[in-house]
Structure formats: C-alpha cells, structure tokens
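# Structural characterization, general
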Amino acid sequence: MSIYGFLHRSALKQLPECLNEAGYRCIGPRVREGAVTFGELTSIDDLPRGVGDEQRPAHYRLGEREDERLFAWAVGPQGLKSWLFTPRETLWRSRRDDDGRLYFETGSPADDRPLAAIGVRACDLAALRLQDAHFLEREPDPGYRKRRAGLFLVAVDCTHPAETCFCHSTGDGPACESGFDLALHELDDGFIVHAGSEAGERVAARLPLLPVGEEQEAARRDQQRAAIDAQQRALPGRNLRDALFANLDHERWQAVAERCLSCANCTSVCPTCFCHSHEEVPDLDGRTSEHLRQWDSCFTEGHSYIHGIVIRAETPERYRQWLTHKLGSWHDQYGRSGCVGCGRCITWCPVGIDLTEEATVICAEAGDD
Amino acid sequence: MTDERKPRVAVHKFSSCDGCQLAFLNLGPDLLRLAELVEIVHFAEAGPSNPDADVDIAFIEGSVSTPDERERLRRIRAHSGFLVTIGACATSGGLQALRNLRDSESEWREAIYARPEYIDSLAHATAIREHARVDLELWGCPVDGRQVLAAVRALLFGVPPVEERDKVCLECKRHQTVCVMVARGEPCMGPVTRTGCGALCPRFGRDCYACYGPAEGANTTSLAHRFEGLGLAPEAVARRFHFIHSGQEPFTGAGNEAAGIIPGKAR
Ligand code: SF4
Ligand code: SF4
Ligand code: SF4
C-alpha cells in the first residue's frame with residue numbers, strides 16, 4: 001500500500017528540505033520574465049504564490065489571484081525537456097597533435113547532482129515517457145540517461161487548465177496517474193500527497209502527513225471534474241495518421257503557411273520534439289574542436305538539407321512535416337501520437353496558429369479510429 | 001595549412017560608423033592569436049595602412065555612398081582573393097540606405113551641411129554586392145566577433161564558412177528566454193531575422209530590431225499583420241522593417257507596403 005495522506009499548506013516547506021537532505025538539487029516553477037518557468041528552488045517561497053495565468057493563441061500573461069495557491073496556473077513555455085535534452089550540449093572535444101594524431105574526450109555535464117523537479121504536470125509526465133522512448137531505447141544517449149537516472153518527479157494535478165490546454169482529449173491529463181515519485185493535488189488548505197515509487201515513499205515517510213478526509217476527497221474529485229470541463233479544445237481523434245497522410249495535398253497546408261513564420265517556436269516549446277543539429281566549433285588555432293548538439297526544428301532549412309538540396313524549402317512542406325510527423329508517423333515510431341495536449345505550441349506561436357484547428361480542418365473528411 | 005606564408009588579411013572601411021572594426025578590435029586576446037595566424041597588412045583603424053596590397057582575405061565595412069568609394073572598391077576587389085562584407089552597411093547599405101527610400105540625397109545634403117558644395121556623394125547608398133562580387137556576407141550591426149573568427153578559421157582550413165540563416169527565435173528558445181512578443185506584446189522582429197547575435201535583445205528583455213537582416217524564408221507579410229494586431233500604426237510597422245536594413249528585400253518591400261510607399265516616388 002503506497003503512502004497517501006494530507007499535507008497541510010504550512011508543512012509544504014519541508015518537501016524541498018527533505019529532497020535537499022536526500023541529495024537532490026531542487027527545481028520548480030518560478031516567475032521569470034513574466035512567465036512561470038522551472039528554476040532552482042532555494043525555498044518554498046520561490047514558488048508562484050497567488051499567481052494565475054491567462055493563455056490564448058499567441059498570448060500569455062500572469063495575474064494575481066486572491067488566494068495563496070501555488071499551482072493555480074497551467075504550464076508555462078518550458079517543460080522538463082530543456083533539463084534533460086539540453087538546448088545545447090558539447091558531445092565531445094577533439095584535439096590534433098603535431099603528428100596529426102586525433103584524440104577525443106567526452107563533453108562534461110554541467111552539474112551531475114541528481115535533480116528533483118517539483119510541479120511537473122500530467123502532460124509533461126506523458127512527454128517524458130516519449131522523450132525516454134526516443135533517447136533511451138536502442139542507442140541510449142549518455143547525457144540524457146545520466147540526467148534522467150537521477151530525476152525525482154514531484155507531480156501536481158492540473159486544477160486550472162489554460163484555454164489552450166487539451167490534454168483530456170489526448171488522454172494525458174489533467175490528473176497525474178503514473179510516472180511520478182510523488183504526486184500532489186492542491187486544495188485550499190493543503191495538498192493530497194500520493195507516493196508513486198520507492199524513492200517517493202522514502203521522502204513521503206518524512207513528511208507530516210495526516211489522513212485524507214471525506215471532504216478533501218470530494219473537493220479533489222470536484223476540482224478534477226472542473227479541470228476536465230474547462231478544456232475547450234480537442235484534437236479530432238487519437239490517431240490521425242491515416243487521415244493526415246490521405247490529405248497531403250489539402251489546400252489548408254498552403255493557407256496555414258501564409259500565416260506561419262517558420263520560426264520554430266512551436267517545436268522548441270513542444271515537450272516531445274527531439275530534433276537536433278550538430279555543429280563543429282573549432283578553436284582559432286585549428287588544433288582543438290568542440291562538437292555541439294543543439295535543438296533544431298523541422299521549420300529550419302537545414303533540417304531537410306541533404307547533399308546540396310533543401311528538400312522542404314518552403315513553409316507549406318515544413319508545417320506539413322511538423323503535423324504529419326507529430327500526429328501521424330509518431331504512431332509508427334513510438335506507438336502513439338507525439339502530442340500530449342499541453343497547448344504550448346498554440347500559446348507560444350507568435351501568430352497563434354492552433355494545431356487542433358489545423359488538424360480538424362485537414363482531417364475533416366477522412367476516417368479516424 | 002602550410003606554414004610557408006601566412007595568409008594576408010586587409011580590413012577596409014567605407015561609409016560606416018566604425019562599429020564593426022571595433023568588433024574586430026574588441027576580440028581582445030583572440031585578436032593577438034589571429035595576428036599570429038595571419039598577416040594583417042591593412043587595417044587603418046588599428047595601425048597598418050596599405051590599402052592597395054594583394055591580400056588573401058579582405059574584410060569590408062561600410063556602404064558605397066561616394067564616387068570615390070566606388071572606385072576604391074574596384075581596386076580592392078582586383079587585389080583580394082576572398083572578399084567578406086562585415087556588418088549591416090556593407091551587406092545591405094545599412095542606415096545610410098534610408099535616404100534611398102525617399103530619393104532625398106540632395107535635400108538632406110542642403111539641410112545638413114554648411115557648405116554642401118564640398119560633399120560629393122552618390123544618389124543612393126548601397127551594399128558592396130551591388131558593385132563587386134562578394135564571397136561571404138557577415139550580417140549584424142555590429143558583426144559578432146565569433147562569426148568573424150569562425151569565418152577566418154574556416155578559410156584557413158580551406159573550407160567554405162558556414163552561413164547561419166535560421167531565425168533568431170530558435171536561438172532565443174535555446175536560451176530559454178521568455179518570448180517578449182507573446183508574454184509582453186512587444187513587436188519583436190525575431191521571427192524574420194537572421195540568427196547570429198545569440199538572441200541578444202530578447203535575452204535582455206527587449207524586442208529584436210532585426211540588425212542581422214532577413215533570415216531565410218522570412219514571412220514579413222504575416223509578421224507585419226501580427227504587429228498591426230498588437231496595435232502598431234502602419235508607420236510604426238514600416239519603421240520596424242526599415243530601421244537597419246531598409247535596403248534589403250524582403251524588408252524594403254514589407255516596410256513600403258506597411259507605409260503605403262510606392263518605390264521611386266518622393267513624398
Ligand atoms: S504539439 Fe503542441 S500541444 Fe502537442 S505536445 Fe507539442 S506543444 Fe504540446
Ligand atoms: S506554427 Fe507558429 S510557432 Fe510554429 S513555426 Fe509557424 S509561426 Fe512559428
Ligand atoms: S522574443 Fe522575439 S526572437 Fe524570441 S521567440 Fe519571441 S519573437 Fe522570437
């Protein structure tokens with residue numbers, strides 16, 4: 001029987017303390033540059049107390065709430081991706097000696113203390129499973145594996161989805177079902193805490209948990225129902241592969257490309273996108289060189305450059321690549337869609353392109369499961 | 001690379017503010033290391049002056065805006081192996097090209113100079129590529145020292161330098177900067193602007209003003225429309241596109257369209 005109990009709001013400060021004592025470096029949601037992003041947590045006071053958000057296509061603003069809630073907002077621009085699949089990383093360094101012999105050494109990770117992330121949402125847990133499938137199966141990526149191995153996840157149920165959220169339609173939220181070490185459900189006076197792993201049990205055992213009352217259970221159920229009901233958007237189905245590939249010549253690709261800036265904001269904020277490019281950065285003396293890996297996107301020309309030609313030179317093909325891969329061929333690659341319904345690509349697209357709307361139009365006639 | 005002869009380098013100045021040459025000088029220790037790898041035969045701002053020497057690599061700062069510059073450029077091209085423009089002025093005409101928009105060279109000359117008869121300038125200030133073959137263009141106002149050094153390094157290896165053509169946004173997101181357009185409603189030019197600066201402005205909380213010029217596949221029409229949606233007046237939208245690179249398509253056209261300017265017609 002896993003640990004399940006109620007933690008009074010005033011006792012939450014013990015959580016980062018327990019994690020620090022267990023050797024973790026804590027990150028959690030903090031307000032930075034007008035948005036909720038993950039950052040180092042020194043104390044529970046760093047969390048966004050009484051902060052709410054307003055999200056629409058191409059629009060994000062924070063506001064003040066009347067209460068003391070710490071997690072009454074939907075996901076900001078950043079998920080866990082940048083902490084595991086880092087935006088830029090040195091994979092190796094090479095050196096050439098006077099006789100022309102080459103030597104290689106691996107890039108060194110910045111900080112290899114294990115990380116505990118507080119405030120991870122259901123969509124990000126689902127995205128993490130997909131990133132794991134990409135970076136850990138077959139040829140594990142050493143840097144990702146190292147960072148992922150030590151990761152302790154404190155998940156939080158979403159009680160205040162944004163207008164752009166649609167995780168209920170993808171089956172990934174808003175409540176956290178699995179894949180966490182600890183899960184929190186925030187109520188007015190505290191948190192229902194639920195351990196989901198042995199490491200989670202060990203931390204939970206040190207928290208002053210009380211039994212969960214009937215009223216608290218009822219409040220949790222009400223909030224979960226309301227969070228689902230609050231979601232306005234949906235994809236037109238869980239598997240759009242055949243519908244998308246039957247519509248490669250749909251006129252909508254051209255129409256969306258007239259608005260699309262091909263700027264890669266959508267793929268950068270998407271918690272499941274994993275494309276990257278490699279770059280060699282030689283030192284001026286020409287004897288040493290760093291080999292970098294950095295985030296790339298299907299919206300760049302380099303992404304489809306093959307020996308002298310750019311295959312997707314124009315935006316219609318790039319947008320089509322994004323959607324047909326994310327919602328289509330991911331099913332062949334990873335057994336599910338690459339979209340977890342977080343809504344980030346809608347909010348952070350500078351011109352507010354909404355993939356649920358585009359997919360609905362493009363897949364209108366073809367069948368679905 | 002053989003050590004028999006060090007590659008010879010020249011840095012030339014045309015109509016400009018000297019900021020890109022300063023980007024060279026500000027390289028600090030790297031400039032000293034560079035001086036060990038190449039022979040800097042002409043760089044008037046730093047000392048050596050030998051403008052007509054034969055060189056392997058010539059860097060050019062500034063636009064062509066006088067008859068004398070046109071002539072000087074012809075000589076430099078004839079004496080240079082690989083010609084690289086550095087900065088906005090050399091690459092698109094830069095700020096000086098603003099006067100082209102209104103065909104107002106004589107008007108300004110009369111208004112600004114006490115003795116306008118001493119000024120001998122061309123009707124238009126234009127990019128180096130309009131007058132001579134250019135092998136590589138490094139954008140930015142000013143250029144980034146990292147890009148200058150990377151170009152020299154590539155040439156020393158005997159390979160073509162890598163051109164960076166993506167949009168600023170991708171680099172902005174790699175830095176995990178919060179988007180100033182989405183979170184604050186600022187009219188950021190990042191989505192149409194060429195990368196290379198490391199998303200410097202957004203990282204300091206301000207909107208990109210496109211000093212690196214247009215990125216590949218820049219959708220200026222959509223962004224101009226978005227700026228209107230953010231509440232910018234047509235003149236303000238035009239200024240976003242015309243500010244630094246009014247001489248470079250698609251920015252010239254996007255700004256003209258926003259302001260209702262018909263090219264070639266003085267207002
Ligand atoms: S495609 Fe958009 S909504 Fe779906 S997971 Fe990616 S960012 Fe979130
Ligand atoms: S869909 Fe939006 S965020 Fe994505 S590339 Fe196009 S304009 Fe940029
Ligand atoms: S701040 Fe500017 S450069 Fe950065 S993502 Fe937003 S629009 Fe692009």
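A quick note: this is a predicted structure, and the numbers were derived from the prediction, not measured. (Residues numbered from 1 in each chain as written. Chains lettered and ligands numbered in written order. Predicted model: local features only at pLDDT ≥ 70, side-chain atom pairs only at ≥ 80, totals over all residues. Heavy atoms only, no water.)

### What to know about the nonpolar core
Counting 92 residues, the largest nonpolar core has L19, Y319 and W322 of chain A together with F241 of chain B as its most contacted members. Those residues in contact with L19 of chain A that sit more than four places away from it in its chain are Y24, C26, A116, I118, F152, V154 and V203 of chain A. L115, C123, A155 and C176 of chain A belong to the second-largest nonpolar core, a separate cluster that totals 30 residues. (Core = buried A, V, L, I, M, F, W, Y, C linked by side-chain atoms within 4.5 Å. Buried < 20%, exposed > 50% of the residue type's maximum accessible area, 1.4 Å probe, protein only. Contact = heavy atoms within 4.5 Å.)

### Some remarks on the site of ligand 1
Residue and element names in this part refer to chain A. As a matter of local geometry, ligand 1 sits amid 13 residues, with C270, C339, C342, G343 and C345 nearest to it. Those elements that place two or more of their residues in the shell around ligand 1 are helix 11 (315-334) and helix 12 (344-347). Residue composition of the shell around ligand 1, grouped by class: nine nonpolar, two polar and two charged. (Near = heavy atom within 4 Å. Helix = DSSP H or I, 4+ residues; strand = E, 2+ residues; numbered from the N terminus. Nonpolar A, V, L, I, M, F, W, Y, C, P; charged D, E, K, R; others polar.)

### With respect to the environment of A150 of chain B
Residue position: A150 of chain B is located in helix 7 (residues 145-157). Counting along the chain gives eleven residues from A150 of chain B to P161 of chain B, while the straight-line C-alpha distance between them is 7.2 Å.

### Some words on the sheet that holds strand 13 (residues 288-295) of chain A
Paired through their backbone hydrogen bonds, the strands of a sheet run either parallel or antiparallel. All names here are of chain A. If you walk across this open sheet you meet the four strands as 7-6-13-12, and the pairing is antiparallel. Strands with a single pairing partner mark the edges of an open sheet, and in this sheet they are strand 7 (102-106) and strand 12 (276-282). If you compare each strand with its neighbour and ignore which way they point, the axes differ by 20° on average. (Pairing = 2+ DSSP bridges. Axes fitted to C-alpha atoms, helices over the stretch in contact; angles between N-to-C directions.)

### Comments concerning the pattern of salt bridges
Two side chains that carry opposite charge are able to pair once their charged atoms sit near each other. All names here are of chain A. Going through the model one piece at a time under the given rule, you end up with 50 salt bridges over all chains. A salt bridge links D172 to R336; the shortest N-O distance between them is 2.8 Å. Highlighted residues: D172 in the loop between helix 5 (167-170) and strand 10 (182-186) and R336 in the loop between helix 11 and helix 12, separated in sequence by 164 residues. In this structure R336 comes out as partly exposed when scored by relative accessible area, which is 23%. (Salt bridge = Lys/Arg side-chain N within 4 Å of Asp/Glu carboxyl O.)

### Observations regarding the site of ligand 3
Neighbouring ligand 3 are the residues N265 of chain A together with V168, C169, C172, K173, C179, V180, M181, C188, G190, P191 and P202 of chain B. Surrounding ligand 3 are residues belonging to chains A and B, so the site spans chains. With four residues, helix 8 (residues 168-174) of chain B is the largest single contributor of residues to the shell around ligand 3. The class makeup of the residues in the shell around ligand 3 is nine nonpolar, two polar and one charged.

### Quick look at unusual backbone geometry
Glycine aside, negative phi is the norm for most residues, and most peptide bonds take the trans geometry. A cis amide bond links G173 of chain A to the next residue, P174 of chain A, at an omega of 5°. One can find P174 of chain A in the loop between helix 5 and strand 10. Omega for the bond connecting C141 of chain B with P142 of chain B falls within 30 degrees of zero, at 5°, which places this linkage in the cis form. Mapped onto the elements of the fold, P142 of chain B is located in the loop between strand 5 (136-138) and helix 7.

### Description of the domain arrangement of chain A
Interfaces are often sized by the amount of accessible area the parts lose when they come together. Residue and element names in this part refer to chain A. Looking at chain A, the domain boundaries give domain 1 (4-86 + 110-229) and domain 2 (241-276 + 295-363). Distance from the C-alpha centre of domain 1 to the C-alpha centre of domain 2: 28 Å. Taken residue by residue, the interface counts 31 residues in domain 1 and 31 residues in domain 2. Around 2400 Å² of area is buried between domain 1 and domain 2 when both sides are counted, 64% of it from carbon and sulfur atoms. The largest share of the area that domain 1 buries against domain 2 comes from K81, L130 and F166, three residues that together contribute 27% of it. The interface formed by domain 1 and domain 2 holds two salt bridges in total. Across the contact surface, domain 1 and domain 2 share 20 residue pairs in polar contact (both at pLDDT 80 or more). Looking at the side of domain 1 that touches domain 2, the elements that each hand over two or more residues are strand 4 (51-56), strand 5 (59-64), helix 2 (81-84), helix 3 (122-136) and helix 5. Among the elements that make up the side of domain 1 that touches domain 2, the one with the highest residue count is helix 3 (nine residues). When its residues are assigned to classes, the side of domain 1 that touches domain 2 shows 16 nonpolar, eleven polar and four charged. (Domains from an automatic or database assignment. Buried area = accessible area lost by both parts, 1.4 Å probe. Polar contact = N/O pair within 3.5 Å; in protein donor to acceptor, adjacent residues only side chain to side chain.)

### Overview of the pairing of strand 3 (residues 55-61) of chain B
Residues and elements named next belong to chain B. Most of strand 3 sits inside the fold, with six of its seven residues counted as buried. The sheet contact formed by strand 1 (residues 8-13) and strand 3 spans five bridges and is parallel. Paired with K13 across the bridge in strand 3 is E61. With six bridges connecting them, strand 3 and strand 4 (residues 80-86) associate as parallel partners. Along strand 4, the bridge assignment pairs A58 with L83. A crossover links strand 3 with its parallel partner strand 4, the connecting element being helix 3 (residues 67-79), and its sense is right-handed. (Right-handed = clockwise from strand over helix to strand, strands pointing away.)

### Re the sheet that holds strand 10 of chain A
Residues and elements named next belong to chain A. Across the sheet, which stays open at both edges, the seven strands sit in the order 1-11-10-9-8-2-3 with mixed pairing between neighbours. At either end of the open sheet lies a strand with only one pairing partner, and these are strand 1 (4-8) and strand 3 (35-40). The sheet shows a mean angle of 25° between the axes of neighbouring strands, taken without regard to direction. Pairing of strand 9 (residues 152-156) with strand 10 involves three bridges; the strand directions are parallel. Considered in strand 10, the bridge of A155 is made with A183. The strands that helix 3 touches are strand 8 (115-120) and strand 9; relative to strand 9, the one it contacts most, it runs at about 145°.

### Some remarks on the interface of chain A and chain B
Residue-level contacts link 42 residues of chain A with 31 residues of chain B. Of the roughly 3000 Å² buried at the junction of chain A and chain B (both faces included), carbon and sulfur atoms supply 54%. Our count for the chain A to chain B interface comes out at four salt bridges. Across the pair E216 of chain B and R318 of chain A runs a salt bridge whose closest N-O atoms are separated by 2.9 Å. Here chain A is connected to chain B by 20 residue pairs in polar contact (both at pLDDT 80 or more). For the side of chain A that touches chain B, the elements supplying multiple residues, two or more each, are strand 3, strand 5, helix 9 (252-259), helix 10 (265-269), strand 12 and strand 13 of chain A. Residue composition of the side of chain A that touches chain B, grouped by class: 18 nonpolar, 13 polar and eleven charged.

### Concerning a nonpolar patch on the surface
Taken together, the side chains of W92, L102 and F104 of chain A make up a nonpolar region of the molecular surface, amounting to roughly 340 Å² of accessible area. Position of L102 of chain A relative to the elements: it lies in strand 7. (Patch = residues over 30% accessible without salt bridge, like charges linked within 9 Å, V, L, I, M, F, W, Y side chains within 5 Å. Areas by Shrake-Rupley, 256 points an atom, 1.4 Å probe, with all protein chains shown as cover.)

### Quick notes on the environment of G87 of chain B
Residues and elements named next belong to chain B. Positionally, G87 belongs in the loop between strand 4 and helix 4 (88-92). Look at G87 and you get buried, because its relative accessible area is 0%. With 102 residues separating them along the chain, G87 and M189 place their C-alpha atoms 18 Å apart. The contact partners of G87, leaving out residues within four places of it in the chain, are C20, L138, W139, G140 and V143.

### What about the domain arrangement of chain B?
Residues and elements named next belong to chain B. For chain B, the domain assignment lists domain 1 (8-156) and domain 2 (168-259). Taking only C-alpha atoms, the centre of domain 1 and the centre of domain 2 are 25 Å apart. Of the residues lining the interface, 17 residues belong to domain 1; the matching set on domain 2 comes to 16 residues. At the boundary of domain 1 with domain 2, total buried surface from both sides reaches about 1200 Å², with 56% on carbon and sulfur atoms. Per-residue buried area on domain 1 facing domain 2 is highest for S92, L101 and W139; these three make up 43% of the total on that side. Scanning the region where domain 1 abuts domain 2 turns up zero salt bridges. Between domain 1 and domain 2 we count five residue pairs in polar contact (both at pLDDT 80 or more) in total. Elements with a minimum of two residues in the side of domain 1 that touches domain 2: helix 4, helix 5 (98-101) and helix 7. A per-element tally of the side of domain 1 that touches domain 2 places helix 4 first, with three residues. Considering only residue class, the side of domain 1 that touches domain 2 consists of nine nonpolar, five polar and three charged.

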